[in-house]
Amino acid sequence: MPPSTSVLGRRAAAFVLPYFRPPASLTIRQTSHRQTISHRDLTARPNRIRCCAATGAPVATNPNPPSVKPASGVDGRPNIIDVLESRGLFDASTSDPDALRELCAKPVGVYSGFDPTADSLHLGNLLAILALAWFQRCGHRVYALVGGATGKIGDPSGKSAERPAMADETIANNLAGIEANLRQVLDRSAREMKAAGDDGIQEPVVVNNNDWVAPMSFLDFLRDVGKYARVNTMMNKDSVKTRLASEEGMSFTEFTYQLLQAYDFMHLSDKHDVSFQLGGSDQWGNITAGTELTRKLKSRIVHGVTFPLLTTSDGKKFGKSEKGAVWLTPDKLSPYEFYQFLVRTPDDDVIPFLKRLTFMPLDEIDRIAEEMQRPDYTQNSAQKRLAEEVTRMVHGEKGVVSALAATAAAAPGSKAVLSVEALEAISADMPSATMTRADVVGGGILDLMVQSGLQKSKGEARRLIKGGGAYLNNGKITTEKLSISEEDLVGGKLILLAAGKKNKLVVRVE
Ligand SMILES: Nc1ncnc2c1ncn2[C@@H]1O[C@H](COP(=O)(O)OP(=O)(O)OP(=O)(O)O)[C@@H](O)[C@H]1O
Ligand SMILES: N[C@@H](Cc1ccc(O)cc1)C(=O)O
């Protein structure tokens, strides 16, 4: 069987806009007549430009392809390719999507990899985890790979400079962190499906590529792998081309990265019958390196599927190396801050994010989209739903409860009873002051308001209390004679002061 030579999408980006979502039905003008086609037809008709997987050069396409009957999924479940397409999780594939649809009518093995470049994954990576989870929900075997070996090398994809080498202990610590993130989402998804009565769901398997790369000697690698890789093809990858054009160039180490990832695909295909690799669109070059190597060494056709990267509204990729990463690990970003980030999603992004970042049924999301157009729509309720769903997926029910409690405590004019957890969580989002116990306990409220920086002078503080605008732990301060006692310290260490409904400050007592 010849190797798969068609690729849809990425190389043809100039012809197919990755975010283009055709309306449910639209009219296209043909040379002599009008024809109405549905969204389903549009995605099923392979009428987009195809290119050779190795070179990216266009290959012949049939201008009038036969209409393909969509294949259903495993044991009556939806077909994963339809799911990825309909949720905005399909950017490009190394084989015709209709051929993939046919293959995915039966269970397949699929993997996606995560390098330990930090001790937590982030919101952008969640897309890769969700794409894996959708495969799992559609009845396929899922492998999440952690890059114990590739983390030592550093993926040059999308990076303008060489990555600094990491110490082995850092890598080990990071591996543990990202494995916990992967398990949290994938195990939870499997549990949910089982609880809903789907007993065919398979547990996700986490593998570490150090297990098969480390035992291989350099000579073995050159002889068994390097021999089959063409340097000119490797040089043609975007990740290499951009770096070669830079002044710093590229180390031999990072140049070999694509071969390591290629070897992983071949290994997993050989040992675990994995035939699909998923990744963000930045992974295209590494994924096609794997499809080629597996074809050459094992005469086996394996497939790559990429999804569009999650970007901020100003077009920047969500990443770990980027400033202000939206971490999945609660120690790095509290469930409250995570929730708040999602609540601030712009209106234009909220529906695509609901499709891409949650398991909510599409008809429910469509209903929310309709509600958003109505005059009686309560502003931000779609964002709240998004924030709740994603926080639950990443931080569990406890995380949602703590995020909602902290949100209530931080709300302007809130009367919510404060817990230490809620106060700790919101303190990251508001100004804080640190004072000694001796300065606080037994002291007067006027001193506290001034020394903490809430008010500039005692006169101002006095006026605020008289006007009814001063709050201690969400309760109105009714007298300027109030003296602070141990009971006023939440958890024995925190006080929330407020001037008016919005201007809040946390005092940490040491
Ligand atoms: N913003 C994003 N949107 C969608 N997928 C992403 C995003 N960022 C990373 N991924 C995907 O997550 C997987 C793991 O990527 P990786 O661990 O290298 O994260 P990264 O954020 O790109 O790290 P770094 O910033 O260090 O390069 C890859 O498939 C990658 O394409
Ligand atoms: N190169 C991927 C991680 C990865 C590592 C090994 C693989 O086999 C697959 C993917 C990234 O940096 O995003």
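Residues numbered from 1 in each chain as written. Chains lettered and ligands numbered in written order. Predicted model: local features only at pLDDT ≥ 70, side-chain atom pairs only at ≥ 80, totals over all residues.

Going by the annotation in an unreviewed UniProt entry, the name recorded for the protein is Tyrosine--tRNA ligase, with Chondrus crispus given as the source organism. Heading Catalytic activity (unreviewed entry) of the UniProt record for the protein holds this comment: "tRNA(Tyr) + L-tyrosine + ATP = L-tyrosyl-tRNA(Tyr) + AMP + diphosphate + H(+)". (UniProt positions renumbered as here; feature names shortened; annotations may be inferred.)

Within the protein, the regular secondary structure consists of 21 helices and 13 strands. Residues counted as buried form 41% of the 510 residues belonging to the protein. Taking all contacts inside the protein whose residues are at least 6 apart in sequence as the whole, residues at least 24 apart take part in 73%. (Helix = DSSP H or I, 4+ residues; strand = E, 2+ residues; numbered from the N terminus. Buried ≥ 20, exposed ≤ 12 C-beta atoms within 10 Å, placed from the backbone. Contact = placed C-beta atoms within 7 Å.)

Taken together, Gly113, Phe114, Asp115, Leu145, Gly147, Thr150, Asp155, Asn209, Gln261, Asp264, Gln283 and Asn286 make up the full set of residues near ligand 2. Classifying every residue of the shell around ligand 2 gives two nonpolar, seven polar and three charged. (Near = placed C-beta within 6 Å. Nonpolar A, V, L, I, M, F, W, Y, C, P; charged D, E, K, R; others polar.)

On to unusual backbone geometry. Excluding glycine, a negative phi dihedral is what most residues carry, and trans is how most peptide bonds are arranged. With a phi angle near 45°, Asp75 is a residue other than glycine that sits in the positive phi range. Position of Asp75 relative to the elements: it lies in the loop between helix H1 (39-44) and helix H2 (80-86). For Asn380, which is not glycine, the phi torsion reads 75° and is therefore positive. Tracing the chain through its elements places Asn380 in the loop between helix H16 (362-373) and helix H17 (381-410). Residue classification places Asn380 among the partly exposed residues on the basis of 15 C-beta atoms within 10 Å.

So, about the site of ligand 1. Close to ligand 1 lie 20 residues; Gly124, Gly279, Gly280, Leu310 and Gly319 are nearest. Elements represented by at least two residues in the shell around ligand 1 include exactly strand S4 (109-114), helix H4 (123-137) and strand S7 (274-280). For the shell around ligand 1, a count of residues per class yields six nonpolar, nine polar and five charged.

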